[in-house]
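Fold and contact review
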Amino acid sequence: MVDEWRRVAKEKGLDETLPTFAAPSLHGVLLTKWHQFSDAELRPESPHQGVVKIIGSSIELERLCNRPAPGMASDEAVGFNQGFMATLCGKLFKVVTQDSNDGTYKLARVSLPYLQDGAYKTVVCPDDAWVPYDACILQDASHVSKLVMANANASDS
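Let me begin by describing the structure that accompanies this report. What you see is a predicted model, and the numbers here were worked out from it, not measured in a lab.

So, about the packing of aromatic side chains. Counting across every chain of the model gives three aromatic pairs. When the centroid spacing of 4.9 Å and the interplanar angle of 20° are considered together, the rings of Trp34 and Tyr105 count as stacked. A residue pair is termed long-range when its members are at least 10 positions apart, and Trp34 in the loop between β1 (28-30) and α2 (39-42) and Tyr105 in strand β4 (residues 104-109) qualify at 71 residues. Ring geometry for Phe37 and Tyr105: centres 5.2 Å apart, planes at 70°, overall edge-to-face. Here Phe37, found in the loop between β1 and α2, pairs with Tyr105, found in strand β4; they are 68 residues apart in sequence, far enough to count as distant. We classify Phe37 as buried; its relative accessible area is 2%. Among the residues examined, Tyr105 registers a relative accessible area of 0% and is labelled buried.

As structure tokens, this is what we get:
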């Protein structure tokens, strides 16, 4: 499993060093350095691209949010909203905006249906749903597609 994690990280040009607080996943790579999403990945019409999972530990998320993202130009932290941000842990989100100056992403909750009235829709989180890059696990688009199909099939039953 570790070898697979390192292979995926290398393919995506990400740091291959294993973090001490997160287990590797076959379906995602913990971002240990800034990842610039393309404009195409950020579009609502691409619901399975530009998707991240927030780390599972609210304690670690709070620590990461209360300090500037490593290696970025800005020395500002996003801050941690205790009543809201802990609920992000372990959930999938689509990145809708990014700030390469401070190394953060603005999130929209990945939810069904994506297609409504012939157009793709996203549900935007409150304005303070910005997280540092190193609180995100980049998800493989094919894995996200499978999750969406499984959720759609389960809700049809």
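Text resumes after the structure shown.
The next subject is the pattern of salt bridges. Taken as a whole, this structure holds two salt bridges when the rule is applied. Between Arg63 and Glu60 there is a salt bridge, with the nearest N and O atoms lying 2.7 Å from each other. Here the residue Arg63 and the residue Glu60 both occupy positions in helix α3 (residues 58-65), the gap between them amounting to three residues, near one helical turn. Of the residues examined, Arg63 reaches a relative accessible area of 46% and is grouped as partly exposed. When its relative accessible area of 13% is taken as the criterion, Glu60 is described as buried. Residue Arg67 is joined to Asp134 by a salt bridge in which the shortest nitrogen-to-oxygen separation is 2.2 Å.

What counts as what
In this numbering scheme, every chain counts its residues from 1 along its sequence in written order. Local features in this predicted model are restricted to residues of pLDDT 70 or higher, and side-chain atom pairs are both shown and tallied only at a pLDDT of 80 or more, whereas totals for entire chains, interfaces and linings draw on every residue. Side-chain numbers come from the whole structure's heavy atoms, not from hydrogens or water. Two rings belonging to Phe, Tyr or Trp (six-membered ring only in the last case) form a pair when the distance between their centres is within 6.5 Å. Interplanar angles under 30 degrees mark stacking, angles over 60 mark edge-to-face geometry, and anything in between is tilted. Only DSSP runs of H or I reaching four residues or more are called helices, and only runs of E reaching two or more are called strands; each is numbered from the N terminus. Only protein chains enter the accessibility calculation, which uses a 1.4 Å probe; a residue whose area is less than 20% of its type maximum is buried, one above 50% is exposed, and one in between is partly exposed. A pair is scored as a salt bridge if a Lys or Arg side-chain nitrogen falls within 4 Å of a carboxyl oxygen belonging to Asp or Glu.

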